Amino acid sequence: MSDLRAPLRPKRKKDIVDFLVHFRWIIVIFVVLPISFTVYFLTYLGDVKSAMKSEKKRQKEHEENVKKVVNRLKQRNPTKDGLVCTARKPYIAVGMRNVDYKRARHFEVDLAAFRNILEIDKERMVAKVEPLVNMGQITRATVPMNLALAVVAELDDLTVGGLINGYGIEGSSHIYGLFSDTVVALEVVLSDGRVVRATKDNEYSDLFYAIPWSQGTLGLLVSAEIKLIPVKEYMKVTYKPARGNLKELAQVYADSFAPRDGDQSKVPDFVEAMIYTPTEGVFMTGVYASKEDAKKKGNVINNQGWWFKPWFYQHAQKALKKGEFVEFIPTREYYHRHTRCLYWEGKLILPFADQWWFRWLLGWIMPPKVSLLKATQGDAIRNYYHDRHVIQDLLIPLYKVGDALEFVHREMEVYPIWLCPHRLFKLPLKTMVFPEAGFEHHHRQGDTSYAQMFTDVGVYYAPGPVLRGEEYNGAAAVHHLEQWLIENHGFQPQYAVSELNEKDFWRMFDGSLYEQCRKKYGSVGTFMSIYYKSKKGRKTEKEVQEAEAAILEPEEAEAAIY
């Protein structure tokens with residue numbers, strides 16, 4: 001194993017922003033949490049009201065709202081109205097990346113009404129939903145039926161549209177792939193107002209494969225049909241501790257869900273791991289269990305969803321002291337196990353919120369909405385977090401997890417680290433993210449002839465040097481991280497802060513299908529390009545004009561990408 005000693009860094013002088021960040025909990029407790037709870041409650045009432053409507057009425061309202069979107073697009077004057085984007089406020093997005101493209105001239109289309117579950121089809125095993133339906137809403141509807149989406153992203157606030165247009169993963173992704181891999185059909189409004197239904201085998205199949213990771217830059221998603229699977233009432237979770245160096249921990253992780261003998265009967269329904277220190281980790285596997293199995297004598301049931309319960313990552317950490325243990329968690333509570341504490345980010349936002357007294361007194365109004373945290377932080381604190389905080393996901397081949405853990409330790413020294421495996425399928429068309437060439441011939445652990453096993457290495461917290469009060473260059477660390485990903489066939493979800501220039505962006509992602517669809521479906525000059533939308537920094541009026549002018553010179557615009 002390579003040298004993991006942290007480099008010596010000089011101490012950093014504190015300034016007024018450090019003071020504001022240190023006491024930000026006052027604003028969070030007295031402003032953000034009460035408003036968050038109110039918004040959550042009102043949203044819940046809206047969901048209940050929607051569920052009480054007949055499917056026929058919800059579908060009729062959906063069709064009327066789609067017509068409004070079409071009419072709004074037709075009102076746009078391409079020469080003066082700016083590029084099309086949604087009317088959602090910049091701070092609403094869940095993620096650290098600044099939504100700076102909305103600070104320049106743009107043309108807004110309001111999709112706020114698209115938050116209804118349109119149909120749960122038990123025969124086709126498909127849920128038809130609108131893009132603003134979130135994970136909490138969909139599990140509330142499906143789990144009582146003993147059904148669930150094949151991939152349920154952990155945080156309640158994550159929406160279907162964001163998970164399809166961007167990136168979504170869960171502990172079942174080692175079987176089903178990323179969230180976008182579970183989509184059956186997409187209903188999209190194109191730049192000219194046409195409403196199309198794209199599937200993997202119809203005339204819009206290229207659009208179907210191009211939309212994931214495109215960040216809404218090919219058209220406006222207005223509904224999606226997503227695969228459902230049968231589930232049981234409980235998740236039987238096994239917590240297994242392990243100690244060793246980072247390479248050894250990576251191997252224990254791989255062995256927990258990808259048996260070396262290839263016996264698929266040993267593959268669990270759910271997998272995740274948390275690396276707590278450079279030498280310690282806990283590896284969790286889950287299998288669905290019936291109510292009867294869970295309530296057998298001697299079994300331990302953990303109602304993890306109660307507000308006063310210890311935060312999940314701290315609960316799992318107990319395995320390092322007590323050894324391996326097994327318990328049963330109600331299925332819906334297991335799906336959202338990281339919501340209340342936002343993985344472990346809640347510890348930075350409210351340093352004492354994990355204490356028993358806070359959990360009993362105020363745990364019921366946790367978590368704060370990420371959008372409200374962003375709305376109340378101001379530019380100074382926002383820039384502070386960009387420089388001295390990390391929220392990144394590294395999607396890398398399974399066999400490189402050990403190397404990734406060592407790199408993150410040397411460059412950022414962030415703990416805990418979240419590990420979650422996912423399949424990256426070999427598809428008929430080459431999409432923005434894709435397996436390594438020839439992976440199927442190497443027969444590496446976890447790989448099959450049709451999919452390469454990848455892992456999300458989730459790095460969320462303040463780096464060690466920042467916690468010790470040392471100098472730390474966050475922009476440089478992210479730049480090094482992105483170069484490492486490019487060199488190791490890895491990918492970075494676009495919700496994260498990025499230092500990529502355009503050339504390196506298209507070294508990381510494959511733009512051939514994406515650019516082909518932008519040209520074919522009239523997206524150029526109407527919807528902003530994916531790099532333009534996700535790049536760091538505010539967009540200037542000149543950049544807006546250049547992006548709009550691209551519609552007049554499509555060949556030159558396409559060539560500029562490469």
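Note that the coordinates shown come from a computational prediction; the quantities given were computed from them, not determined experimentally.

1. Looking at the packing of helix H17 (residues 401-411) against helix H19 (residues 474-487)
A pair of packed helices can be characterised by two numbers: the angle between their axes and the separation between those axes.
Working step 1: Where H17 contacts H19, the two axes come as close as 11 Å, and the packing angle between them is 165°. Comparing their axes, H19 and H17 come out roughly antiparallel. Considering the relative orientation of H17 and H19, their crossing is right-handed. Of H19, the residues touching H17 (which contributes Asp403, Ala404, Phe407 and Glu411) are Ala477, His480, Leu481 and Trp484.

2. Considering helix H4 (residues 135-142)
Note: α-helices contain 3.6 residues per turn, so residues at a spacing of three or four share the same orientation.
Working step 1: Most of H4 is tucked away, with six of its eight residues classed as buried.
Working step 2: Looking at H4, one finds that the buried residues are Met135, Gly136, Gln137, Ile138, Thr139 and Thr142.
Working step 3: The N-capping residue of H4, defined by a side-chain oxygen 3.2 Å from the backbone nitrogen of Gly136, is Asn134.

3. Observations concerning the nonpolar core
Working step 1: Counting residues in each nonpolar core, the largest one holds 138 residues, and the members touching the most others are Leu207 and Tyr239.
Working step 2: Discounting chain neighbours no more than four positions away, the residues touching Leu207 are Val188, Leu190, Val196, Ala198, Leu218, Cys517 and Tyr521.
Working step 3: With 13 residues, the next largest nonpolar core counts Val66, Phe107, Leu220 and Phe527 among its residues.

4. Side note on a positive patch on the surface
Working step 1: Taken together, the side chains of Lys49, Lys56, Lys57 and Lys60 make up a positively charged region of the molecular surface.
Working step 2: Here the positive patch takes three residues from helix H3 (residues 55-74), the largest share from any one element.
Working step 3: In this structure, Lys60 sits in helix H3.

5. Some thoughts on the packing of aromatic side chains
Given two aromatic rings, their pairing is described by the distance between the two centres and the angle made by the two planes.
Working step 1: Counted under the stated rule, the structure contains 35 aromatic pairs.
Working step 2: Relative to Phe308, the ring of Trp307 lies with its centre 5.1 Å away and its plane at 85°, an arrangement referred to as edge-to-face.
Working step 3: Residue classification places Phe308 among the partly exposed positions, given a relative accessible area of 22%.
Working step 4: Over the ring of Phe312 we find Arg337; its NZ or CZ atom is 5.9 Å from the centre of that ring.
Working step 5: A cation over an aromatic ring shows up here: Arg444 above the ring of Tyr399, its NZ or CZ 3.9 Å from the ring centre.

6. Looking at the pattern of salt bridges
Working step 1: Tallied over the full model, the rule gives 23 salt bridges.
Working step 2: For the salt bridge of Lys247 with Asp403, the shortest nitrogen-to-oxygen distance reads 3.1 Å. Here the residue Lys247 occupies a position in helix H8 (residues 246-255), and Asp403 occupies one in helix H17, the gap between them amounting to 156 residues.
Working step 3: Of the charged contacts, one joins Asp255 and Arg260 as a salt bridge, the two residues approaching to 2.9 Å between their closest N and O atoms.
Working step 4: For Asp255, a relative accessible area of 34% translates into the label partly exposed.
Working step 5: Counted as one network, the salt bridges with shared partners bring together Glu154, Glu170, Glu272 and Arg337.

7. Notes on the confidence of the model for the chain
Working step 1: Model confidence for the chain is summarised by a mean pLDDT of 90, while 91% of its residues fall at 70 or above.
Working step 2: Every residue in residues 551-562 scores below 50 in pLDDT, and together they form twelve contacts with partners more than four places removed in sequence or on other chains.

8. Description of the sheet that holds strand E11 (residues 280-289)
Working step 1: Spatial strand order, E12-E9-E11-E10-E14-E15-E13: seven strands in an open sheet with antiparallel pairing. What marks the edges here is a single partner per strand, and that holds for strand E12 (325-330) and strand E13 (390-397). Each adjacent strand pair in this sheet contributes to an overall mean axis angle of 25°, direction not counted.
Working step 2: The pairing of strand E10 (residues 270-277) with E11 spans seven bridges and is antiparallel. Bridged to Glu272 within E11 is Met284.

9. Re helix H2 (residues 24-52)
Working step 1: With 29 residues, H2 should cover 42 Å at 1.5 Å per step; its first-to-last C-alpha distance of 40 Å lies within 8% of that length.
Working step 2: Here H2 has its buried residues at Arg24, Val28, Ile29, Val32, Leu33, Ser36, Asp47 and Ser50.

About the cut-offs
- Residues numbered from 1 in each chain as written.
- Predicted model: local features only at pLDDT ≥ 70, side-chain atom pairs only at ≥ 80, totals over all residues.
- Heavy atoms only, no water.
- Axes fitted to C-alpha atoms, helices over the stretch in contact; angles between N-to-C directions.
- Helix = DSSP H or I, 4+ residues; strand = E, 2+ residues; numbered from the N terminus.
- Parallel < 35°, antiparallel > 145°, perpendicular 65-115°, else oblique.
- Left-handed = near helix turned anticlockwise from the far one by under 90°.
- Contact = heavy atoms within 4.5 Å.
- Buried < 20%, exposed > 50% of the residue type's maximum accessible area, 1.4 Å probe, protein only.
- Polar contact = N/O pair within 3.5 Å; in protein donor to acceptor, adjacent residues only side chain to side chain.
- Core = buried A, V, L, I, M, F, W, Y, C linked by side-chain atoms within 4.5 Å.
- Patch = residues over 30% accessible without salt bridge, like charges linked within 9 Å, V, L, I, M, F, W, Y side chains within 5 Å.
- Areas by Shrake-Rupley, 256 points an atom, 1.4 Å probe, with all protein chains shown as cover.
- Salt bridge = Lys/Arg side-chain N within 4 Å of Asp/Glu carboxyl O.
- Lys, Arg positive; Asp, Glu negative; His and termini not counted.
- Charge placed at Lys NZ, Arg CZ, Asp CG, Glu CD.
- Phe/Tyr/Trp six-rings, centres within 6.5 Å; stacked < 30°, edge-to-face > 60°.
- Lys NZ or Arg CZ within 6 Å of the ring centre and 35° of its normal.
- pLDDT = per-residue confidence, 0-100.
- Pairing = 2+ DSSP bridges.
- Expected span 1.5 Å × (residues − 1).

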